[in-house]
Amino acid sequence: MIVAKRKPMNEIAEMVAPYKKITVIGCRSCVAICLAGGEKEVKMLISALKVKNRKQGKHQEFEGLVVERQCEKEWIKEVEGKVLGSDLVLSMACSLGAQTIGDMYPEKLVFPGLNTGMFGVPEEQGVWSEKCVGCGDCVIHTTGGICPVARCAKSMSNGPCGGSANGKCEVNLEVDCAWSAIYDRLKLQNRLDLIEKISPAKDWSTSHSGGRRVYVREDAKLTPHQKKGKEGTQ
Amino acid sequence: MKAGSNLEKVFEAGKFAVTAEIGPPQSANPEPLIHHAKMLKGHADAFNLTDNQTAVVRLSSIASAVVIMREGIEPVIQMTCRDRNRIALQSDLLGAGALGVKNVLCLTGDHQTFGNEKNAKSVFDFDSISELQTFNALRTEGKQVGGEIIKDPPKVYLGCAENPFATPYEFRAMRLAKKATAGADFCQTQAIFDMDMFEKWMDEVRARGVDKRVHILAGVIPMKSAGAARYMKNKVPGMIVPNDIVDRMKNAKDQKEEGIKLCIEQIEHLKTVKGVHGVHIMPVAWEEMVPRIVKEAGLLPRPTFA
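Being a predicted model, the structure only gives us computed values, none of them experimental.

Draft legend 1. Representation of the overall build of chain B. Check the secondary structure of chain B and you find 11 helices and eight strands. Referenced to the eigenvectors of the C-alpha coordinate spread, the extents of chain B come out at roughly 60 × 50 × 45 Å. Buried positions account for 53% of the 306 residues belonging to chain B.

Take a look at the structure:
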């Protein structure tokens, strides 16, 4: 899932300071699960901003709401009135959610309440770790199911580098060395022959390096007729 | 001969090679390089110029190479994958070739979080092995990694590094074999303090026949103090300094002298390890000690070729 962190309170307060009527919109998907922008976090943020305002004798109007998935237009449509009726939307979704609202209502200001960090997984309560960077060319069937692009600080294709000590990464001694883990996994699976092979220079053109990616599935697209029908039902 | 460098000739002649590192300055002043080149001339077969080592911005390794070549000594330029993508790496290899640089050490590079530009965007388009593979294809077939065939490819002798003291230990000889397959002609090891562990690694290297495919330069660091020994032991990931060495440094009356003595003893021993074809001295800002170490380790005079 997409893992995000709430921006520091002072940064948010400063960002929203010039505006009067602020709608804070959370999301029930990834950011709710990673405890950054779900219903609870939206409520907490609003009360913190209100407390701050009370201390400073400042008045702003806040309204909080949460949509199912902020990155999908259908869910934003449902709260269109709130978006259009506010001076500022503070999105508590990942940047995808914030940009979806912004792209739908280009005249409205939509500011990010979160810093979107990574594709990660919850390891335990309160701990999320990065496991994919969306390179567009998955190789984990050859690396014991462990992604070296995301989990190695140097995204090495032929690791581990000389800084791997006790199975930990030299960049952060709290973090496992990806290639040490790959070695152990392949050994366990009796597939060490895979790590003996050289991985040639990676093709990064499928990643962001190849330019902004837009995936089109012709077979999934709606015909103009179907599109019209769908609009009619809304 | 692949490049006809002095270092290549020393290896091909079956002589025990000596290389030493020169750290380029954190300035645009070439004088420290010229000073070290004059002082070290004749004491090693080639001199390594680090490429922004530990991610600290320094005078570039290729420019440094040109400075020391003017003083009549041979450079080994280090080229890391941290700061340059395949376009820049291949371009710089052509440039280095045009300037007469004949030895290139391929490294993935220290991560930028260790250096003085921690906010940098890392590149790591390649790692050391894909860099070696690319440079090897470029020098032998004139073929770029993207497939384009070029005229007048660079003639370079390719090196790599390997660390017998990084985990997983049992993979380290295999990893050197990968580098040999990718095109490495020689290898510099991480500084050796745990001789038993190094010899165990060399056993595996020989068992795989890798010592026959790549010339191994055993890395040594002369230590200035017990503090330096402790620092490397505790703070540098992938370095192993046994307690008896730390104690020996700590108990010495003259720690600097002890560091030099220890380094000379290590070299004397390394000369006897089968498959080790030379030493690589990393003086870490103590370049002035290199002539003495080389002399007292019985490595003078250095071979010359007509």
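Okay, back to it.
Draft legend 2. Summary view of the interface of chain B and chain A. Counting from both sides, the interface comprises 26 residues of chain B and, opposite them, 23 residues of chain A. Listing elements by their share of the side of chain B that touches chain A, those giving two or more residues are helix 5 (128-141) and helix 6 (172-182) of chain B. In terms of residue class, the side of chain B that touches chain A is built from 11 nonpolar, 11 polar and four charged.

Draft legend 3. Looking closely at the sheet that holds strand 1 (residues 2-6) of chain A. Residues and elements named next belong to chain A. Read across the sheet, three strands follow the order 1-6-7 without closing on themselves; strand pairing throughout is antiparallel. Strands at the two margins of the open sheet, each flanked by one partner only, are strand 1 and strand 7 (127-132). For this sheet the average axis-to-axis angle between neighbouring strands, irrespective of direction, equals 70°. Sheet analysis places strand 1 next to strand 6 (residues 114-124), joined by five bridges and oriented antiparallel. In the sheet register, isoleucine 2 faces strand 6, and the bridge partner there is phenylalanine 119.

Draft legend 4. Main features of the nonpolar core. Residues Phe47(B), Ile77(B) and Val104(B) are the most contacted members of the largest nonpolar core, which totals 90 residues. Filtering out sequence-adjacent residues up to four positions away, Phe47(B) remains in contact with Thr19(B), Ala20(B), Ile22(B), Leu40(B), Ile68(B), Ile73(B), Glu74(B), Pro75(B) and Val76(B). Val16(A), Cys30(A), Val66(A) and Val89(A) belong to the second largest nonpolar core, which has 30 residues in total.

Draft legend 5. Representation of the sheet that holds strand 5 (residues 157-162) of chain B in the model. Residues and elements named next belong to chain B. One closed barrel holds the eight strands; their spatial order is 1-2-3-4-5-6-7-8, and the pairing between them is parallel. Each strand of the sheet is rotated relative to its neighbour by a mean of 30°, with strand direction disregarded. Bridge analysis of strand 1 (residues 17-22) against strand 8 (residues 276-281) gives four bridges, and the strand direction is parallel. The partner of alanine 17 across the bridge, within strand 8, is glycine 278. Set on the sheet, helix 5 makes contact with strand 4 (103-107) and strand 5; between it and strand 4 the angle comes to about 145°.

Here is what the cut-offs are and how they apply
Residues numbered from 1 in each chain as written. Chains lettered and ligands numbered in written order. Predicted model: local features only at pLDDT ≥ 70, side-chain atom pairs only at ≥ 80, totals over all residues. Helix = DSSP H or I, 4+ residues; strand = E, 2+ residues; numbered from the N terminus. Buried ≥ 20, exposed ≤ 12 C-beta atoms within 10 Å, placed from the backbone. Contact = placed C-beta atoms within 7 Å. Nonpolar A, V, L, I, M, F, W, Y, C, P; charged D, E, K, R; others polar. Pairing = 2+ DSSP bridges. Axes fitted to C-alpha atoms, helices over the stretch in contact; angles between N-to-C directions. Core = buried A, V, L, I, M, F, W, Y, C linked by C-beta atoms within 7 Å.

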